[in-house]
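Structure assessment
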Amino acid sequence: MIQPIMKDVIFLSQKAEPATLEDKQIAVDLLDTLKAHEGECVRMVYPTRILGGMPPGEGS
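Here we summarise the structure given alongside this text. Every chain's residues receive numbers from 1 upward, in the order its sequence appears when written. Two thresholds apply to this predicted model, a pLDDT of at least 70 for residue-level local features and 80 or more for giving and counting side-chain atom pairs, whereas whole-chain, interface and lining totals are computed over all residues. Derived side-chain values reflect all non-hydrogen atoms in the structure, with water molecules and hydrogen atoms excluded from consideration.

**A word on the overall build of the protein**
Within the protein, the secondary structure is distributed over 3 helices and 0 strands. Secondary structure elements are defined from DSSP: runs of H or I of at least 4 residues count as helices, runs of E of at least 2 residues count as strands, and each element is numbered from the N terminus. Ordered by position from N to C terminus, the α and β elements of the protein give α-α-α. A total of 60 residues make up the protein; the buried ones form 15% of that total. In the protein, 48% of the contacts between residues at least 6 apart in sequence involve partners at least 24 apart. For every residue, the accessible area (1.4 Å probe, protein chains only) is compared with the maximum for its type, and the residue is labelled buried under 20%, exposed over 50%, or partly exposed between those bounds. Should any heavy atoms of two residues lie within 4.5 Å, those residues are counted as being in contact.

**Re helix 2 (residues 24–37)**
Note: α-helices contain 3.6 residues per turn, so residues at a spacing of three or four share the same orientation. Here helix 2 spans 20 Å end to end across 14 residues, near enough to the 20 Å set by a 1.5 Å rise per residue. All buried positions along helix 2 are accounted for by A27, D29, L31, T33, L34 and H37. One less than the residue count of a helix, multiplied by 1.5 Å, gives the span that helix is expected to have.

**Here's the deal with a nonpolar patch on the surface**
A cluster of nonpolar side chains, M6, F11 and L12, forms an exposed patch at the surface whose accessible area comes to about 310 Å². Note on placement: F11 falls in helix 1 (residues 9–12). Residues forming no salt bridge and having over 30% relative accessible area are the ones grouped into patches, like charges within 9 Å of each other and nonpolar side chains (Val, Leu, Ile, Met, Phe, Trp, Tyr) within 5 Å. Note on areas: these come from Shrake-Rupley sampling with a 1.4 Å probe, and a residue is covered only by the protein chains present in the view. Put simply, a salt bridge is a Lys or Arg side-chain nitrogen that is within 4 Å of an Asp or Glu carboxyl oxygen.

**Describing the side chain of T33**
Relative to the helices and strands, T33 is located in helix 2. From its side chain, T33 meets the backbone nitrogen of Q3 in a polar contact 2.8 Å long. Apart from the residues lying within four places of it in its own chain, the contact partners of T33 are M1, I2, Q3 and I5. Polar contacts, as used here, are pairs of N or O atoms within 3.5 Å; protein pairs need one atom able to donate a hydrogen and one able to accept it. Residues neighboring in sequence count only if both atoms are side-chain atoms.

**Considering the environment of I2**
Within the secondary structure, I2 sits in the segment before helix 1. Judged by relative accessible area, I2 falls into the exposed class, the value being 51%. As a C-alpha pair, I2 and T33 span 31 residues in sequence and 4.5 Å in three-dimensional space. Apart from the residues within four sequence positions on either side, I2 is in contact with D32, T33, A36 and H37.

Shown next as structure tokens:
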């Protein structure tokens with residue numbers, strides 16, 4: 001599900017915790033949101049640690 005882009009600097013500055021299998025839907029929502037906004041964003045970092053791979057178009 002596409003979610004609003006989080007822009008709250010205080011929230012985003014919090015220390016992240018490692019993702020677990022219970023966070024899988026959050027990763028899916030994040031990818032949906034990134035794909036929906038890819039035309040209007042200069043560059044967004046894909047969640048490679050959650051997905052265990054390289055961003056599309058990078059790497060082999």
